[in-house]
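Each chain is listed here by its residues.
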Amino acid sequence: MSEQICEQQDSGTTDEATGGLDTRSREILDFERQWWKYAGVKEQAVRDLFDMTATRYYQVLNAIIDTPEALEHDPMLVKRLRRMRSTRHRAREARRLGTGS
């Protein structure tokens, strides 16, 4: 996915005033910051707004938060999302290794 982000940036669909992120990446980060404002289940809002499955949304989101442009765009959100991802990863590894609860 990060290749697609790079391709979009190379194709001129980015805006330097918004930290170099393409429009779709900014929309995804903005949605992630305020998704709780949407009525109903988050997965349904993802389908309605972005026309993608929840699985694909999280794949795209994870690729976005790994970019320096995302960190520049919304540092607090990106750091929180990275921290949450890291915590989930550690918990999965602990369960896999039988050291978790």
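Residues numbered from 1 in each chain as written. Predicted model: local features only at pLDDT ≥ 70, side-chain atom pairs only at ≥ 80, totals over all residues. Heavy atoms only, no water.

*Asks:* Break down the packing of helix 2 (residues 23–34) against helix 3 (residues 42–50) for me, with residues and values.
*Replies:* Across the interface, helix 2 lies against helix 3 with an axial gap of 12 Å and an inter-helix angle of 155°. Comparing the axis directions of helix 2 and helix 3 gives the class roughly antiparallel. Crossing of helix 2 against helix 3: the hand is right-handed. Contacts from Arg24, Glu27, Ile28, Phe31 and Glu32 in helix 2 reach Lys42, Ala45, Val46, Leu49 and Phe50 in helix 3. Taken together, the residues that form the contact of helix 2 with helix 3 break down as 6 nonpolar, no polar and 4 charged. (Axes fitted to C-alpha atoms, helices over the stretch in contact; angles between N-to-C directions. Helix = DSSP H or I, 4+ residues; strand = E, 2+ residues; numbered from the N terminus. Parallel < 35°, antiparallel > 145°, perpendicular 65-115°, else oblique. Left-handed = near helix turned anticlockwise from the far one by under 90°. Contact = heavy atoms within 4.5 Å. Nonpolar A, V, L, I, M, F, W, Y, C, P; charged D, E, K, R; others polar.)

*Asks:* If you had to explain the pattern of salt bridges to someone new, which residues and values would you point to?
*Replies:* Evaluated as defined, the whole model comprises 5 salt bridges. Taking the shortest distance from any N to any O, the salt bridge between Asp30 and Arg33 comes out at 2.9 Å. Linking Asp30 with Arg33, this pair stays in helix 2, spanning 3 residues, or about one helical turn. A relative accessible area of 26% means that Asp30 is categorised as partly exposed. (Salt bridge = Lys/Arg side-chain N within 4 Å of Asp/Glu carboxyl O. Buried < 20%, exposed > 50% of the residue type's maximum accessible area, 1.4 Å probe, protein only.)

*Asks:* I'd love a proper account of the packing of helix 3 against helix 4 (residues 54–65), names of residues and values included.
*Replies:* Contact geometry for helix 3 and helix 4: axes closest at 9 Å, N-to-C directions at 75°. Relative to helix 4, the element helix 3 is oriented roughly perpendicular. Along its contact with helix 3, which presents Lys42, Glu43, Val46 and Phe50, the element helix 4 presents Ala54, Tyr57 and Tyr58. The residue inventory of the contact of helix 3 with helix 4, partitioned by class, reads 5 nonpolar, no polar and 2 charged.

*Asks:* For the confidence of the model for the protein chain, give the residues involved together with the corresponding values.
*Replies:* Overall, the predicted model of the protein chain reaches an average pLDDT of 82, with 76% of residues at or above 70. A low-confidence stretch, residues 1–12 (pLDDT under 50), is modelled with 17 contacts involving residues beyond four sequence positions or located in other chains. (pLDDT = per-residue confidence, 0-100.)

*Asks:* Residue-level account of unusual backbone geometry, with values.
*Replies:* The backbone of Asp51 shows a phi angle near 55°, a positive value even though the residue is not glycine. With respect to the element layout, Asp51 can be found in the loop between helix 3 and helix 4.

*Asks:* Give me the nonpolar core: which residues, what numbers.
*Replies:* Taken as a class, soluble globular proteins show a tendency for nonpolar side chains to be buried jointly. The biggest cluster of nonpolar side chains holds 17 residues, and the ones touching the most others in it are Ile28, Leu29, Met52, Tyr57 and Leu61. Going through the elements one at a time, helix 2, helix 3, helix 4 and helix 6 (75–97) are the ones with two or more residues in this core. Counting residues per element, this core draws most heavily on helix 4, at 5 residues. Not counting residues up to four positions away in its chain, the partners in contact with Tyr57 are Ile28, Phe31, Glu32, Lys42, Val46, Phe50 and Met52. (Core = buried A, V, L, I, M, F, W, Y, C linked by side-chain atoms within 4.5 Å.)

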